[in-house]
Amino acid sequence: MDCPTYHIPVMLNECMEGLDIKPDGIYADLTYGGGGHSREIIKRLGKGGHLYGFDQDNDAKDGATDDERFTFVHSNFRFVANWMQYYKVDGVDGILADLGVSSHHLDDGERGFSFRYDAPLDMRMNRRSLTTAHDIVMDYPEGRLADIMFMYGELKQSRRIAAEIARHRKQKDIKTTGQLADIVVPLLGREREKKDLARIFQALRIEVNGEMKALEEMLDAATSVLKKNGRLAVITYHSLEDRIVKNHIRYSGAENGNDNREAWIFGNPTSALKDISKGVIVPSDEEIRNNPRSRSAKLRIAEKR
Ligand SMILES: C[S@@+](CC[C@H](N)C(=O)[O-])C[C@H]1O[C@@H](n2cnc3c(N)ncnc32)[C@H](O)[C@@H]1O
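Residues numbered from 1 in each chain as written. Predicted model: local features only at pLDDT ≥ 70, side-chain atom pairs only at ≥ 80, totals over all residues. Heavy atoms only, no water.

S.K.: For the overall build of the chain, give the residues involved together with the corresponding values.
M.R.: Counting its secondary structure elements, the chain contains 14 helices and seven strands. The globule rule puts the C-alpha radius of gyration for 305 residues at 19 Å, and the 20 Å found for the chain is close to it. Projected onto its principal axes, the C-alpha positions of the chain cover 60 × 50 × 40 Å. Here the chain holds 305 residues, and 55% of them are scored as buried. Counting contacts in the chain only where the partners sit at least 6 residues apart, residues at least 24 apart contribute 65% of the total. Positive and negative side-chain charges in the chain, numbering 46 and 48 respectively, have mean positions lying 3 Å apart. (Helix = DSSP H or I, 4+ residues; strand = E, 2+ residues; numbered from the N terminus. Rg over C-alpha atoms; globule rule 2.2 N^0.38 Å. Buried < 20%, exposed > 50% of the residue type's maximum accessible area, 1.4 Å probe, protein only. Contact = heavy atoms within 4.5 Å. Lys, Arg positive; Asp, Glu negative; His and termini not counted. Charge placed at Lys NZ, Arg CZ, Asp CG, Glu CD.)

Here's what the structure looks like:
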């Protein structure tokens, strides 16, 4: 089923070019979302090809294609190697990951990802996981809250934000996105109010979903299941994510998953991956105009040695 309102795919042509789809190849789209990238991959597959589409949010499954060359996997992408073993796949020709949340998440007023709607402070992509944004806002020590705001939201006023949340939560339960926004807005400058609110919400979302740890584990697992000359394409939306991907491409260990950083420092750069995008690819001005969400996107493409 086509579902254009779920999410507009970012850097679609660049991803397809980078993945260089073989008609009889085996592919994994680790972030199915609205299936925009997946549908383009399937178009390029012949009868013998197959695509595994992962998403930890079951909502993505509702709109998923029923093409016989496609299998939906409701799972965190950190388990990609286990799933490939389960499906008896020996090696994968290409893997795509388009990180973060979809427009569907941000537009769903119930799930608490956006300050545009007053909703319970939830933010879980996988509704079976245990920790919500409410738990973090109410229970995390003030110092840890500040660290999250600083690391994942890149907010200069992280300490003040954490202190204000800690002060309010002593008096009442901060249950909704609207209550949280009311507490932090007075600390934000008028011009940057929306941007900084978005960063506060982003920081909480990254923590709720353990996104950085999942990304690191996924990169190791994905590298281990790629065939020789198999391609890895990753789109990031945050500088920390991009750094993790960049470093993984430079230093990732060989087949056994060893960290190769030492060998690299001592002049033996034998990463399991070769950077074939020669650094980072960014969306065209036209794409940013048509899809403002793509503004912060960065794509890196690597090939397995
Ligand atoms: C940016 S959207 C992908 C959009 C998709 N490329 C498209 O064109 O429609 C990211 C999707 O990945 C999922 N996701 C994020 N982190 C995940 C993880 N660790 N494991 C599995 N799915 C994840 C989210 O639930 C969301 O649906």
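From this point on, the discussion continues.
S.K.: Lay out empty space enclosed by the protein with the relevant residues and their values.
M.R.: Taken as a whole and judged by the stated rule, the model has one cavity of 30 Å³ or more. Its boundaries defined by the atoms lining it, the largest cavity holds a volume of some 400 Å³. Along the wall of the largest cavity there are 29 residues; nearest its centre are T31, D98, L99, G100 and M125. Put simply, the parts of the chain that give the lining of the largest cavity at least two residues each are helix 2 (36-43) and helix 11 (211-225). Per element, the largest residue contribution to the lining of the largest cavity is three residues, and it comes from helix 11. Taken together, the residues that form the lining of the largest cavity break down as nine nonpolar, 14 polar and six charged. (1 Å grid on protein atoms, 1.4 Å probe; cavity = no way out; pocket = protein on both sides within 12 Å on 5 of 7 lines; lining within 4 Å. Points joined across faces, edges and corners; volume = space filled by probe spheres on them. Nonpolar A, V, L, I, M, F, W, Y, C, P; charged D, E, K, R; others polar.)

S.K.: Could you give me a rundown of the sheet that holds strand 3 (residues 70-74), with the residues and numbers involved?
M.R.: Ordered in space as 3-2-1-4-5-7-6, the seven strands form an open sheet in which the pairing is mixed. In this open sheet, the two edge strands, each paired with only one partner strand, are strand 3 and strand 6 (273-275). For this sheet the average axis-to-axis angle between neighbouring strands, irrespective of direction, equals 20 degrees. Bridge count between strand 6 and strand 7 (residues 298-304): three bridges; the pairing is antiparallel. (Pairing = 2+ DSSP bridges. Axes fitted to C-alpha atoms, helices over the stretch in contact; angles between N-to-C directions.)

S.K.: Help me get a handle on the nonpolar core, residues and values and all.
M.R.: Membership of the largest hydrophobic core comes to 64 residues, with the highest contact counts inside it found for L30, I95, I161, I165 and M218. In terms of residues, this core owes the most to one element, helix 11, which gives eight residues. A domain-level breakdown of this core finds at least three residues from each of domain 1 (12-103 + 214-304) and domain 2 (130-208). Not counting the four nearest positions on each side in its chain, M218 is found in contact with L30, F77, R78, V80, A97 and L99. Counting residues in hydrophobic clusters, the runner-up holds 25 residues, among them Y27, L45, F70 and A233. (Core = buried A, V, L, I, M, F, W, Y, C linked by side-chain atoms within 4.5 Å. Domains from an automatic or database assignment.)

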